[in-house]
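Tertiary structure, described
Here is how the chains run, residue by residue.
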Amino acid sequence: MFCGETEQPQTFMSETSFVKVVFHVDNFTDQTYFSFDTRAEQQLVVYLRYGQHPELYPNRRGEVVQGSYCERIFRDCRLQTCYVQSPAYPGVYPRNLHCRYYLNTRLPFIKLYIENEEFNIDGQRCENIMTCPMRPISSGQENCPYDYIKVYDGKNEFSSVIGTFCGMGKFPYSIIGTSQDLFVEFVSSPAGPLLNTGFHFNVGNWPGHVDTAGSRNGTCDWLLSSESLRASGDSEGIFLSVAHWYPPHTSCTYLMQGDEGEIVRLYFPSFRINRIESPIQPIDGDCGESLTLYDAPWPDDSKIIKTFCDTFSKPMEKHDFVSTGNALFVRFESKTGSYSGSSLYYWAHYDFFNNTKLGEPVPGKPCDEVFASWKTTKGWLRSPLNTLVYKQTPNSEDVQCLYRFVTDKRLYARVILTVSNIHFKEHPYNPGPCLNCIEDRIDKIVIWEPLLAGSNSSYPPITLTKAAQTGDLTCLCNRHTGSTQVISRGEQLNLQLIIDSAHAALSYFKHNAALFEATYEFVHGPLCGPPIIQPTTDGEIHYPYYEAIGYVEPPKSIRCIWEVKINRERDLWMHFDRIKFASKSCDDGIIDIYLRDKAEPHLSVCGENVSLAKELPILSAAQLSPHDAEPSITIQFVGRTSPTRAAFKIAWTELFHLPRNKDGSLMTSRLTEDGVLEDSNEVCEFACPGEAGLCIPARLVCNGVINCPNVTNSKDTTFSDESEELCVHEAAPEINWLYVSLGVVALVVLICCICVCVCRKCCRYCCVDD
């Protein structure tokens, strides 16, 4: 039913093949008139309704529900394949309509493309177009009392209402649903002017949907766990900005929850910040929409990493936001709401990294660790499990991870570090071999002692640069599967992993294999005694160290390493003054003697071969000082079962040789004046028996310890510096203490008798005189 006046021609296009016109007036005068003409058109001609090539899309305007006038179903819509139109479009629509449109696409999110389309739905009571004010497009049921369309986010009228719209003009935005379905309802009043031409929508899907590896609670609250990500088989998870409509005061949250010991990384490969183009409820002021990142499992305002705002923030693309714990929380908030998605458009990637530390982490350092002996006496370590450290270094700075091993002299005196399985990749920009490990820009492991042996911990530590200058370090840069063992001389040791920044991220980021593996052990407890023995002409090692027995609890196993330093140009003779093992098995206890720069022991003594300790060979100065190094030997004792049941005493003496004549005989004639040799500054105070020409100081003769190697003479008797022939002492006269006691008693009795006699005489004399 149309009423009122219109001075401009209006077109009505029928939906069916029949039209019936009824003209009714209450008062017919000469001012009452109308005129019209009709014609039939082919669908090909009416392209505004059917589009180009309608023969290719016979259901472009939807399938009419049987028995209805304007109820239509649209299935599997793609762009330009579904036209949602008001009846009689592009002409004026009939009155008293209630049309229902069921819209569906193959993929979410479904989108009504109505942006910049003519929208003409009003139904005001106007006499003519000149007197009828043109109302702009508005929304809300209260603003549209006559004609309107209502859009629902779902399959039917029981779904959430996106909005109610009416007015005239160009629609400023499109509408995007949250799924594959929308339901549109078009209602026109029973009567109205012959003015409004309705609407035309195109339907398609908006490619803003990805499958997120997580669980959703409600509309847009997500739990994105590392367990869900692993189950999906992907190394990175993805979530997008809200690409569909949402009401005002919407809050969408994303909780990225890792396992214990993991950290979360979040970055945005694509980020764009626009003004709010399609607000449902416009506001004045800043930050109508915001995105906030929290370093916490909940929106803790004290742990905000970054907040992006629609009015003044700049997007940060490809920047890594990394949590300190195992959770990172992201919250999107909108005060305005939107019909077609967020003004903050982002494509977010997240992943999890194992940040477990085998030692104690150093605050403020991404991969430094401290291994203290009071936490654990031995263990293992490897390159960082968190390979994000290879990517996060600033430009031109190498990746450096420092592992410190610290103990106390009262607990242990040494650190043993064994590095194995080094798997550095070939440097793409420096493919040459590892020639100069310290100076070349290559991947390497450097080991050095930050404190000199025996120095106080208050001294400034030795830096890597200083250690490199003195050469007191071990540098490993070649890829190998063997092991390298370093034994510290003091109670601290440093290991630093250095990766060249030129290829760190390229080669090792998300590289699951370890670059190196190592084991460590703190050894040489108080029962072992001093770990380093300075050069002396003679010395002894006692195990156990008696001074420590009173205050140290015996351990279940023990490992002692002594470094015995020797004076230059001296031979060394050692012997076991006494020795006892817990059992005959070498697995329970063994003593190894190592020469300098030798990996294998020169001599091993245990319960099985304890007889070897009786006759130890003399170690020459050449053996003690290879390549003119500082002469020394290393003695190691390992007790694995009841170590306190073992006991031994190792004594040693430094020896030097007498010179020889040309015929090979000893130059004994040179030992004349003051015992000084002509060709040497050495003083031979005592020449050991035998033909070896060995000398020791005179103070070592007959001191109760054998300092010269035993020599067997022709009578098959052994003699040395402690032989009875040398150490004969005059016998001291024996005192018979019994006789001495009896004599003293007799003397006391005699004195008493004399005293008694004298007293009697004095008494008689006094009495007679009276």
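Residues numbered from 1 in each chain as written. Predicted model: local features only at pLDDT ≥ 70, side-chain atom pairs only at ≥ 80, totals over all residues. Heavy atoms only, no water.

Under an unreviewed UniProt entry, the name given to the chain is CUB domain-containing protein, and the source organism is Photinus pyralis.

Scanning the entire structure with this criterion turns up 13 disulfides. Two residues share a disulfide in this structure: Cys367 and Cys401, whose sulfurs sit 2.0 Å from each other. Negative torsions about the S-S bond denote left-handed disulfides, and the value of about -95 degrees found for Cys367 with Cys401 makes this one left-handed. Of this pair, Cys367 sits in the loop between strand 23 (360–361) and strand 24 (369–372) while Cys401 is found in strand 26 (residues 399–406), placing the two residues 34 residues apart along the sequence. For Cys401, a relative accessible area of 0% translates into the label buried. Here Cys753 stays unpaired: no disulfide links it, and the sulfur of Cys757, its closest cysteine neighbor, is 6.8 Å away. (Disulfide = S-S within 2.5 Å. Helix = DSSP H or I, 4+ residues; strand = E, 2+ residues; numbered from the N terminus. Buried < 20%, exposed > 50% of the residue type's maximum accessible area, 1.4 Å probe, protein only.)

What follows is about the sheet that holds strand 18 (residues 289–294). In space, the six strands of this open sheet follow the order 13-14-16-21-18-19, with mixed pairing throughout. Looking along the sheet, the strands with just one partner apiece sit at the ends: strand 13 (215–217) and strand 19 (304–309). When the angles between neighbouring strand axes are averaged without regard to direction, this sheet yields 15 degrees. Two strands pair when backbone bridges link them, and strand 13 and strand 14 (residues 221–225) are joined in this way by three bridges, in the antiparallel orientation. Its bridge partner being in strand 14, Asn217 is matched across the sheet by Asp221. (Pairing = 2+ DSSP bridges. Axes fitted to C-alpha atoms, helices over the stretch in contact; angles between N-to-C directions.)

Take the side chain of Thr250 next. Secondary-structure assignment places Thr250 in strand 16 (residues 250–257). A relative accessible area of 9% means that Thr250 is categorised as buried. Apart from residues no more than four positions distant in its own chain, Thr250 is found in contact with Phe332, Glu333 and Ser334. (Contact = heavy atoms within 4.5 Å.)

Let us look at the pattern of salt bridges. Should their charged atoms come close, side chains of opposite charge can pair. Following the criterion strictly, the structure yields 31 salt bridges and no others. Its salt-bridge partner being Arg135, residue Asp122 comes within 3.4 Å of it at the nearest N-O pair. One end of the pair, Asp122, is in the loop between strand 6 (118–121) and strand 7 (138–139); the other, Arg135, is in the loop between strand 6 and strand 7, and 13 residues separate them in sequence. Here Arg135 falls in the partly exposed class, since its relative accessible area comes to 25%. Counted as one network, the salt bridges with shared partners bring together Glu236, Arg265, Asp320, Asp351, Lys391 and Lys510. (Salt bridge = Lys/Arg side-chain N within 4 Å of Asp/Glu carboxyl O.)

Inspection of the secondary structure assignment puts Gln66 in the loop between strand 1 (63–64) and strand 2 (72–77). Distance from Gln66 to Phe509, taken between C-alpha atoms, is 62 Å for residues 443 residues apart in sequence.

Once the domains are mapped, the chain shows domain 1 (43–206), domain 2 (215–354), domain 3 (360–451 + 469–524) and domain 4 (526–655). For domain 1 and domain 4, the distance between their C-alpha centres works out to 97 Å. (Domains from an automatic or database assignment.)

Now for the layout of surface pockets. Each pocket or cavity is described by its volume, and for the second largest pocket that value is around 1,400 Å³. Glu449, Val486, Ile487, Arg489 and Arg596 are the residues nearest the centre of the second largest pocket, which is lined by 41 residues in total. Mapped onto the lining of the second largest pocket, the elements with two or more residues apiece are strand 28 (444–448), helix 3 (464–470), strand 29 (473–476), strand 30 (480–487), strand 35 (558–565), strand 37 (589–595) and strand 39 (632–639). Each of domain 3 (360–451 + 469–524) and domain 4 (526–655) gives at least three residues to the lining of the second largest pocket. (1 Å grid on protein atoms, 1.4 Å probe; cavity = no way out; pocket = protein on both sides within 12 Å on 5 of 7 lines; lining within 4 Å. Points joined across faces, edges and corners; volume = space filled by probe spheres on them.)

Look at the UniProt record and you will see "transmembrane region" (unreviewed entry) annotated at residues 737–759. Structurally, residues 737–759 is divided into 100% helix and 0% strand, and its ends, taken at the C-alpha atoms, are 34 Å apart. (UniProt positions renumbered as here; feature names shortened; annotations may be inferred.)

Let's shift gears to the packing of aromatic side chains. What the rule picks out here adds up to 39 aromatic pairs. Here the aromatic rings of Phe371 and Phe405 are separated by 5.1 Å at their centres, their planes lie at 15 degrees, and the arrangement is stacked. Residue Phe371 is found in strand 24, and its partner Phe405 is found in strand 26; the two are separated by 34 residues along the sequence. Here a set of aromatic residues connected by ring pairs shows up, and it is made of Phe239, Tyr254, Phe268, Phe271, Phe308, Phe321, Tyr346, Tyr350 and Phe352. Sitting above the plane of the Tyr50 ring, Arg61 keeps its charged end 5.7 Å from the centroid. (Phe/Tyr/Trp six-rings, centres within 6.5 Å; stacked < 30°, edge-to-face > 60°. Lys NZ or Arg CZ within 6 Å of the ring centre and 35° of its normal.)

Next up on the list: the sheet that holds strand 20 (residues 321–322). Here four strands make up an open sheet; going across it, the order is 15-22-17-20 and the pairing antiparallel. On the outer flanks of this sheet lie strand 15 (237–240) and strand 20, each paired with one strand and no other. Bridging between strand 17 (residues 262–273) and strand 22 (residues 344–354) involves ten bridges; their strand directions are antiparallel. From the neighbouring strand, Arg265 faces strand 22, where its bridge partner is Asp351.

This part covers the nonpolar core. Nonpolar side chains tend toward joint burial in soluble globular proteins. Grouped together as the largest cluster of nonpolar side chains are 32 residues, with contacts concentrated most on Met574, Ile633, Ile635 and Phe637. Looking at this core, the elements with two or more residues in it are strand 34 (538–543), strand 35, strand 36 (571–580), strand 37, strand 38 (603–606), strand 39 and strand 40 (647–657). For this core, the leading source of residues is strand 35, giving four residues. Beyond its immediate chain neighbours, meaning those up to four positions away, Met574 contacts Ile593, Leu616, Leu619, Ile633, Ile635, Ile650, Ala651 and Trp652. Counting 30 residues, the second largest nonpolar core, distinct from the first, contains Val84, Ile110, Phe165 and Phe171. (Core = buried A, V, L, I, M, F, W, Y, C linked by side-chain atoms within 4.5 Å.)

Another aspect to go through is empty space enclosed by the protein. Here the structure, examined in full by the defined rule, presents two cavities of 30 Å³ or more. Roughly 90 Å³ of internal volume is contained in the largest cavity. Every residue lining the largest cavity is counted, 16 residues in all, and those nearest its centre are Thr356, Lys357, Glu369, Pro384 and Leu385. At the level of elements, strand 24 and strand 25 (378–382) are the ones that each hand at least two residues to the lining of the largest cavity.

Turning our eyes to something else, we now look at the UniProt feature "domain: CUB" (unreviewed entry) in the chain. Look at the UniProt record and you will see "domain: CUB" (unreviewed entry) annotated at residues 70–206, 220–349 and 528–655. Span residues 220–349 is 5% helix and 44% strand, its end C-alpha atoms 17 Å apart.

Taken together, Phe2, Phe12, Val19, Val21, Phe23, Phe28, Phe34, Phe36 and Tyr69 make up a surface patch of nonpolar side chains, about 920 Å² in accessible area. Its location among the elements puts Phe28 in the segment before helix 1 (47–50). For Phe28, a relative accessible area of 57% corresponds to the exposed category. (Patch = residues over 30% accessible without salt bridge, like charges linked within 9 Å, V, L, I, M, F, W, Y side chains within 5 Å. Areas by Shrake-Rupley, 256 points an atom, 1.4 Å probe, with all protein chains shown as cover.)

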